[in-house]
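# Structural characterization, general
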Amino acid sequence: MTVSSLAVLSRTFQNTNDIGAKAVQADATMVIEGFEDMMLLCKQFPWGVATSGGVVEYFGPLGQKMGQPGQVKTMQEGPIQIYETRKNHAGEFLKNLIAAGGEFNCTVYAGRPDDYTKKEDYKKCMLVMDTPDRDWENDMQTFVLAGTMTFHWFGNQ
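The following paragraphs examine the structure supplied in this document. (Residues numbered from 1 in each chain as written. Predicted model: local features only at pLDDT ≥ 70, side-chain atom pairs only at ≥ 80, totals over all residues. Heavy atoms only, no water.)

## Quick look at the sheet that holds strand β2 (residues 42–44)
How we decide: Pairing between strands requires that DSSP locate at least two bridges from one strand to the other. Each helix corresponds to a stretch of at least 4 residues labelled H or I by DSSP, and each strand to a stretch of at least 2 residues labelled E; elements are numbered beginning at the N terminus. A fitted line through C-alpha atoms serves as each axis, taken over the contacting stretch for helices, and the angle formed by two N-to-C directions is quoted from 0 to 180°. We call two residues in contact whenever any of their non-hydrogen atoms come within 4.5 Å of each other.
With antiparallel pairing, the six strands of this open sheet are ordered in space as β1-β6-β7-β8-β5-β2. Of all the strands in the sheet, just β1 (29–32) and β2 have a single pairing partner and so form its edges. Neighbour to neighbour, the strand axes of the sheet diverge by 45° on average, direction disregarded. Of the pairings in the sheet, the one linking β1 to strand β6 (residues 104–112) comprises four bridges and is antiparallel in character. Residue pairing across strands places Val 31 opposite Thr 107, the latter belonging to β6. On top of the sheet, helix α2 (residues 89–99) reaches β1, β5 (75–83), β6, β7 (115–129) and β8 (144–153); it is set at about 70° to β7, its chief contact.

Take a look at the structure:
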């Protein structure tokens with residue numbers, strides 16, 4: 001590790017703070033069309049990010065391996081967790097979702113729907129939930145349904 005001068009550290013500190021306050025993971029909300037009450041039960045959900053879908057490899061002269069970015073990744077996925085209630089609201093939501101075709105659209109907000117800095121629309125979202133494990137000895141933890149959410153995101157284009 002380098003030992004930097006106080007002047008260098010002071011400039012770095014100022015530059016970092018000039019960029020602005022850092023986003024906090026929990027400062028976000030997901031609202032599912034037709035299931036607006038579920039936003040109060042979402043513990044975790046994926047956040048779309050603009051990225052290449054991968055690297056296209058090819059070979060150049062003299063067998064040199066080269067690469068270029070692939071098509072933009074518009075189908076993304078990530079973990080989702082939903083709190084279950086004693087009245088089985090999350091389980092009923094999942095059954096109703098299957099009855100409606102298994103897909104939904106939603107909007108994610110950096111903030112709350114009534115006070116946000118950014119919002120993104122997700123299309124044709126699908127949930128694949130893991131089978132939950134009920135533990136009779138664990139009386140200190142909430143019951144959470146966990147799984148993977150796949151969605152299509154186009155950066156609001």
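## So, the packing of aromatic side chains
Our working definition: Under the pairing criterion, centres of Phe, Tyr and Trp rings, with the six-membered ring standing for Trp, must be within 6.5 Å; the plane angle then separates stacked pairs below 30 degrees from edge-to-face pairs above 60, leaving the rest tilted. Note on exposure labels: buried denotes an accessible area under 20% of the residue type's maximum, exposed denotes more than 50%, and partly exposed covers the range between, all computed with a 1.4 Å probe on protein chains only. Ring-over charges, as used throughout, are those where CZ of Arg or NZ of Lys falls within 6 Å of the ring centre and within 35 degrees of the ring normal.
Under the defined criterion, the tally for this structure stands at three aromatic pairs. Between Phe 35 and Phe 93 the ring centres are 4.9 Å apart and the planes differ by 80°, which places this aromatic pair in the edge-to-face class. One end of the pair, Phe 35, is in the loop between β1 and β2; the other, Phe 93, is in helix α2, and 58 residues separate them in sequence. With respect to burial, Phe 35 and Phe 93 carry one shared label: buried. Note on Tyr 122 and Phe 151: the rings are 4.0 Å apart at their centroids and 15° apart in plane angle, and the pair reads as stacked. Of the two residues, Tyr 122 is situated in strand β7 and Phe 151 in strand β8; the sequence distance between them amounts to 29 residues. Across the pair, Phe 151 and Tyr 122 agree in class, each one buried. Over the ring of Phe 143 we find Arg 134; its NZ or CZ atom is 4.0 Å from the centre of that ring.

## Remarks on the nonpolar core
Put simply, the test is: Think of a nonpolar core as a cluster: buried Ala, Val, Leu, Ile, Met, Phe, Trp, Tyr and Cys residues, connected wherever their side-chain atoms sit within 4.5 Å.
Ranked by internal contacts, the top residues of the largest apolar core, which has 22 residues, are Met 30 and Met 149. Going through the elements one at a time, β1, β5, α2, β6, β7 and β8 are the ones with two or more residues in this core. At four residues, β8 tops the list of elements feeding residues into this core. Beyond its immediate sequence surroundings of up to four residues, Met 30 is in contact with Met 39, Cys 42, Phe 45, Ile 80, Cys 106, Thr 107, Val 108 and Met 149.

## Topic: α2
Here is the rule: Working note: the arc is built from the helix axis to C-beta atom directions.
Restricting attention to buried positions, one finds in α2 the residues Ala 90, Gly 91, Phe 93 and Leu 97. Taken around the axis of α2, the buried residues stretch over an arc of 160°, which confines them to a single face. Turned more than 90 degrees from where α2 packs its buried face, Lys 95 and Ala 99 sit exposed. In the core, the buried residues of α2 are packed alongside β1, β5, β6, β7 and β8. Immediately downstream of α2, the backbone of Gly 101 shows phi near 110°, a positive value.

## Some words on the pattern of salt bridges
Rule in force here: Salt-bridge detection follows one rule: a side-chain nitrogen of Lys or Arg within 4 Å of a carboxyl oxygen of Asp or Glu.
Evaluated as defined, the whole model comprises six salt bridges. In this structure, Arg 112 engages Asp 114 in a salt bridge whose closest nitrogen and oxygen atoms are separated by 3.0 Å. For Arg 112, a relative accessible area of 46% corresponds to the partly exposed category. The exposed category is assigned to Asp 114, whose relative accessible area is 63%. The partner of Asp 115 in a salt bridge is Arg 112, with the nearest N and O atoms 3.8 Å apart. Judged by its relative accessible area of 47%, Asp 115 falls in the partly exposed class. Shared partners join several salt bridges into a network, and the residues in it are Arg 112, Asp 114 and Asp 115.

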